[in-house]
Amino acid sequence: MNNTLPTPDDREETSRRQFLKIFTGIIGFFIALVLAVPLLSSLFGPLLRKKNAPWIKVGKLPELSSDHPVNISFRDRAVDAYIRENITRDIWVVSLPGRGLTVYSPICTHLGCHFNWDSAKGRFVCPCHGSFFALNGAVLAGPAPRPLDTLPSKVENGELYIEWERFEPGTPRKIRV
Ligand code: FES
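This section reports on the structure supplied with the text.

Criteria and cut-off values
- Per-chain numbering applies: the sequence of each chain, read as written, is numbered from 1 onward.
- Owing to the predicted nature of the model, reporting of local features is limited to residues with pLDDT of at least 70; listing and counting of side-chain atom pairs is limited to 80 or more, with chain, interface and lining totals taken over all residues.
- Think of the side-chain values as coming from all heavy atoms in the structure, minus any hydrogens and water.
- Helix and strand labels come from DSSP, where a helix needs a run of H or I of at least four residues and a strand needs a run of E of at least two; each type is numbered from the N terminus.
- Every case where a carboxyl oxygen of Asp or Glu lies within 4 Å of a side-chain nitrogen of Lys or Arg is listed as a salt bridge.
- Accessible area is worked out with a 1.4 Å probe on protein chains only. A residue is then buried under 20% of its type maximum, exposed over 50%, and partly exposed in between.
- Think of a polar contact as two N or O atoms within 3.5 Å of one another; within protein, one of them needs to be a possible hydrogen donor and the other a possible acceptor, and neighboring residues in sequence only count if both atoms come from side chains.
- Put simply, the grid is 1 Å and covers the protein atoms alone, a cavity is a trapped set of points that fit a 1.4 Å probe, a pocket is an open set with protein on both sides within 12 Å along at least five of seven lines, and lining residues have an atom within 4 Å of a point.
- Grid points are joined across faces, edges and corners, and a volume is the space filled by probe spheres set on the points.
- Three classes are used: nonpolar for Ala, Val, Leu, Ile, Met, Phe, Trp, Tyr, Cys and Pro, charged for Asp, Glu, Lys and Arg, and polar for all others, with Gly counted as polar.
- Two strands are counted as paired when DSSP detects at least two bridges linking them.
- Throughout, disulfides are identified as pairs of cysteine sulfur atoms within 2.5 Å of each other.
- Two aromatic rings, drawn from Phe, Tyr or Trp (for Trp, its six-membered ring), form a pair once their centres lie within 6.5 Å of each other, and the interplanar angle then sorts them: stacked below 30 degrees, edge-to-face above 60, tilted otherwise.
- Charge-over-ring placement is defined geometrically: NZ (Lys) or CZ (Arg) within 6 Å of the ring centre, and within 35 degrees of the ring normal.

1. Observations regarding the environment of Trp55
Then, in step 1: The residue Trp55 is located in strand S1 (residues 55-60) in this model.
Then, in step 2: It is 5.9 Å that separates the C-alpha atoms of Trp55 and Tyr161, two residues lying 106 residues apart in sequence.

In structure tokens, the structure reads:
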């Protein structure tokens, strides 16, 4: 058994060790915090995001038919990081039997290309990997994993308004990004 009392040097060594322990703990805490922020924001960011996109006035609602869609371009303001710019977007609008006014995002649900309307065949065609969609948005053929994405819309005083939203490409579920 060693009964020697701690010398001043021993006490200094102990407090140095305690200081290093606390210091390492604090540094570790801050490193964990820095690593956790992006992880937590990617997990909970979508929940904290604003529920709905703002209404965008697209313009006068055109005469709609139930057998072919109308492509409408409109100006919007895009925000990417700190950069804000005016850009032109487009949508496909149709009046479907039983569903009424239907607005499609122009972005293919496979990998995000813009699709077109093939009036001769009466279907939407994506030029990238050959997905075909019916007028009601259903997938007819190709790798697209889900029907065309619809956008919220409303008409006020003859003007069409939409909420511009983007959705995860390549997934069977429609997930807002
Ligand atoms: S992006 Fe449209 S089929 Fe691939």
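After presenting the structure, the write-up continues.
2. Overview of the pattern of salt bridges
Note that side chains of opposite charge can pair when their charged atoms are close.
Then, in step 1: Evaluation of the coordinates by the stated rule reveals 5 salt bridges.
Then, in step 2: In this structure, the salt-bridge partner of Arg146 is Asp149, at a minimum N-O distance of 2.9 Å. Comparing Arg146 with Asp149 shows no difference in burial state: the two are buried.

3. Some thoughts on the side chain of Glu159
Then, in step 1: Counting through the fold element by element, Glu159 comes out in strand S10 (residues 159-163).
Then, in step 2: Residue classification places Glu159 among the buried residues on the basis of a relative accessible area of 17%.
Then, in step 3: Separated by 3.2 Å, the side chain of Glu159 and the backbone nitrogen of Lys60 make a polar contact.

4. Observations concerning empty space enclosed by the protein
Then, in step 1: Under the criterion given, the structure shown has 1 cavity of 30 Å³ or more.
Then, in step 2: The space that makes up the largest cavity amounts to roughly 30 Å³.
Then, in step 3: Lining the largest cavity are Cys108, His110, Leu111, Gly112, Cys113, Cys126, Cys128, His129, Ser131 and Pro143.
Then, in step 4: For the lining of the largest cavity, the per-class residue count stands at 6 nonpolar, 4 polar and no charged.

5. What to know about the sheet that holds strand S6 (residues 123-125)
Then, in step 1: Ordered in space as S5-S6-S7-S8, the 4 strands form an open sheet in which the pairing is antiparallel. Only two strands of the sheet have a single partner each, and these edge strands are strand S5 (116-118) and strand S8 (139-141).

6. Thoughts on the state of the cysteines
Then, in step 1: The full count for this structure, using the stated rule, is 1 disulfide.
Then, in step 2: Disulfide pairing is shown between Cys113 and Cys128; the S-S distance is 1.9 Å. Taking the sign of the torsion about the S-S bond as the criterion, the disulfide between Cys113 and Cys128, at about -95 degrees, is left-handed. In this pair, Cys113 is assigned in the loop between strand S4 (100-104) and S5 and Cys128 in the loop between S6 and strand S7 (132-133), connecting sequence segments 15 residues apart.
Then, in step 3: The exposure class assigned to Cys128 is partly exposed, which follows from its relative accessible area of 37%.

7. Section: the packing of aromatic side chains
Two numbers describe a pair of aromatic rings. These are the distance of the centres and the angle of the planes.
Then, in step 1: Applying the stated rule across the entire model yields 9 aromatic pairs.
Then, in step 2: For the pair Phe74 and Trp164, a centre-to-centre distance of 6.3 Å together with 65 degrees between the ring planes defines the contact as edge-to-face. Linking Phe74 in strand S2 (residues 70-80) with Trp164 in the segment after S10, this pair joins segments that are 90 residues apart in sequence. As far as burial versus exposure is concerned, Phe74 and Trp164 are alike and both buried.
Then, in step 3: For the pair Trp117 and Phe124, a centre-to-centre distance of 4.9 Å together with 65 degrees between the ring planes defines the contact as edge-to-face.
Then, in step 4: The aromatic ring of Phe132 is capped on one face by Arg123, whose charged end is 3.9 Å from the ring centroid.
Then, in step 5: Directly above the ring of Tyr161 sits Lys154, whose terminal nitrogen or CZ lies 5.5 Å from the centroid.

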